[in-house]
Amino acid sequence: MHDIATLQARLDELLRIAKSNERKQENFQQYELALLNSTSLHELLSIILDQHKDRFQLTEVTLMLYDPEYEIQRLVESKISPNAWTGRLIFSDSAHLVNQHFSPQRKPRLLKYSPHQHAYLFPAQDDLGSVALLPLVRQNHLFGCLNLGSRNSSRFQGQIGTLFLEHLAAVVSACIENARLHEHIKLVGLRDALTGINNRRFFDQRLSEEVSRAQRSGSPLSCLFIDLDHFKRVNDQHGHQAGDAVLKQVSKLLSDRLRQTDVLARYGGEEFIILLADTAQEDAALIAEQIRDRVAKAQFAIPSGKALSVTLSIGVATMQVPGSIKDSRQLIAMADQAVYAAKLSGRNRVKQAR
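Procedures and definitions
- All residue numbers here refer to positions counted from 1 along the written sequence of the relevant chain.
- Note on the predicted model: pLDDT of at least 70 is required for a residue's local features to be given, and 80 or more for side-chain atom pairs to be given and counted; whole-chain, interface and lining totals, by contrast, use all residues.
- Hydrogens and water are ignored here; the side-chain numbers use all heavy atoms of the structure.
- A run of H or I in DSSP becomes a helix once it reaches four residues, and a run of E becomes a strand once it reaches two; helices and strands are each numbered from the N terminus.
- Three labels apply to residues, based on accessible area from a 1.4 Å probe with only protein chains included: buried if under 20% of the type maximum, exposed if over 50%, partly exposed otherwise in between.
- In what follows, a contact means two residues having at least one pair of non-hydrogen atoms within 4.5 Å.
- Counted as positive: Lys and Arg. Counted as negative: Asp and Glu, with His and the chain ends omitted from the count.
- Where a charge lies is defined by one atom per residue type, namely NZ (Lys), CZ (Arg), CG (Asp) and CD (Glu).
- Only the stretch in contact is used when fitting a helix axis, every axis being a line fitted to C-alpha atoms; angles between N-to-C directions are given from 0 to 180 degrees.
- When an angle is under 35 degrees it counts as roughly parallel; over 145 it counts as roughly antiparallel; between 65 and 115 it counts as roughly perpendicular; any other value is oblique.
- Two strands qualify as a pair provided that DSSP identifies no fewer than 2 bridges between them.
- By convention in these notes, a salt bridge is any Lys or Arg side-chain nitrogen within 4 Å of a carboxyl oxygen on Asp or Glu.
- By definition here, a helix of n residues has an expected span of 1.5 Å times n minus one.

Side note on the overall build of the protein
- In terms of regular secondary structure, the protein is built from 11 helices and 12 strands.
- In terms of principal-axis extent, the alpha carbons of the protein reach across some 110 × 50 × 30 Å.
- The buried share among the 354 residues of the protein stands at 45%.
- In the protein, of all internal contacts separated by at least 6 residues, the share reaching a separation of at least 24 is 67%.
- Between the mean site of the 43 positive side-chain charges and the mean site of the 39 negative ones, the protein shows a separation of 3 Å.

What follows is the structure in structure tokens.
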């Protein structure tokens, strides 16, 4: 009877372990599906940094990304506050900071937490017991590490669970790369290929948003319609490469003058357009005059080695209460009419819509 009881106890224990492993496997499969089905970089990072910790009962989860060109950081900060996930989402321009933790085989490392070695990977935690460091690899290049921390000193040790962690690292690596490419493609689709500033598609999206916001708040919204004077002459006399060089440099001058909340776009050809939120017409006209003056005084280098002078005509229109402009279509049309009036009256000047 004793042997039967012992055997039954052993079978019960094996069954308990099997059920526990089954639940863990199901939990991981659900997590893996969430990663693979994420539709944006922000959603993916939220799953990794927020859901992972709760789902797997960890003390801390951090992500370090090697990002020497600040590409991923810019993509992230274009969508969320730069302070989001402070101490948990870590960017580095030093490959050494990531590489030092992994052998050439780039296997996950499970070890006791060392404040000296791991504090910068877990800036917000100083009472961890054990950690798992997972290498993130893209096209055979190490680009970061996913770091799991537990107060339990025996949670991560030796080679226990390394196959599972290797699989997790591969899935997270692929998902981050896919999200990065997806966000980059979206960003490129909203950028002007020549100048690097926003294109008309992006502007039209923001125009709708800013007009709605101005209508809700009753705050003024100004539009500057900008046209380079006699730009065809630049292309005809100096070639299209010279014209491209001028457009790039004008874009830079316009960008440097604006606030972070302002919207600048290349509207088409030699036309640019700017939205100035919370800006009355008098202030918008002053900004337009400063832009006109700055461009008129500048010298623009072209591939031949020569320097050209260029001028702008600018039309200013403002949607405000009270006022005759009621929607985005009228705002653009009035700014366009004003720039046309500036052209007719001699160019290199600012005209306000009437």
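Concerning the packing of helix α8 (residues 231-238) against helix α9 (residues 240-257)
- Where α8 contacts α9, the axes come no closer than 6 Å and their chain directions differ by 140°. Taken as axis vectors, α8 and α9 run oblique relative to one another. In contact with Phe231, Val234, Asn235 and His238 of α8, α9 contributes His240, Ala242, Gly243, Val246 and Leu247.

Considering the sheet that holds strand β2 (residues 89-92)
- Overall, mixed pairing links the five strands, which are arranged β2-β1-β5-β4-β3 in an open sheet. A strand with exactly one partner marks an edge of an open sheet, and here the two such strands are β2 and β3 (109-112). With direction set aside, neighbouring strand axes in the sheet form an average angle of 20°.
- The pairing of strand β4 (residues 130-138) with strand β5 (residues 141-150) spans nine bridges and is classified as antiparallel. Opposite valine 137, over in β5, you have leucine 142 as the bridge partner.
- In the packing of helix α6 (residues 162-189) onto the sheet, contacts are made with β1 (60-66), β3, β4 and β5, and the angle to β4 comes to roughly 45°.

So, the sheet that holds strand β6 (residues 221-228)
- The mixed open sheet is built from five strands, whose spatial order is β7-β8-β6-β11-β12. Each edge of the open sheet is held by one strand with a lone partner, namely β7 (263-268) and β12 (350-352). Taken over all neighbouring pairs, the strand axes of this sheet differ in orientation by 20° on average, direction set aside.
- Contacting β6, β8 (271-277), β11 (312-319) and β12, helix α10 (residues 281-297) crosses the sheet at an angle of about 165° to β11.

Points about the pattern of salt bridges
- As enumerated under the stated definition, the model contains 20 salt bridges in all.
- Residues arginine 180 and glutamate 177 are paired through a salt bridge, measuring 3.0 Å at the closest nitrogen-oxygen approach. Of the two residues, arginine 180 and glutamate 177 are both situated in helix α6; the distance of three residues between them amounts to about one turn of the helix.
- Note on glutamate 177: relative accessible area 11%, which makes it buried.
- For arginine 206, the salt bridge goes to glutamate 210, with nearest N and O atoms at 2.8 Å.

Brief notes about unusual backbone geometry
- Valine 321 connects to proline 322 through a cis peptide bond whose omega is -10°.
- Summarising the element assignment, proline 322 is placed in the loop between β11 and α11 (328-344).
- The backbone of arginine 106 sits at a positive phi, close to 55°, despite the residue not being glycine.
- Turning to its location among the elements, arginine 106 is positioned in the loop between α4 (95-99) and β3.
- Residue arginine 106 is classed as partly exposed on the basis of its relative accessible area, which comes to 27%.
- With a phi angle near 55°, aspartate 278 is a residue other than glycine that sits in the positive phi range.
- Looking at where aspartate 278 falls in the secondary structure, it is placed in the loop between β8 and α10.

As for helix α2 (residues 41-55)
- Between the first and last C-alpha of α2 there are 20 Å, a value that for 15 residues agrees with the 21 Å anticipated at 1.5 Å per step.
- All buried positions along α2 are accounted for by Leu41, Leu44, Leu45, Ile47, Ile48, Leu49 and His52.
- Of the residues one or two after α2, glutamine 57 is the one with positive phi, at around 50°.

None of the figures reported here should be taken as evidence of function without further support.
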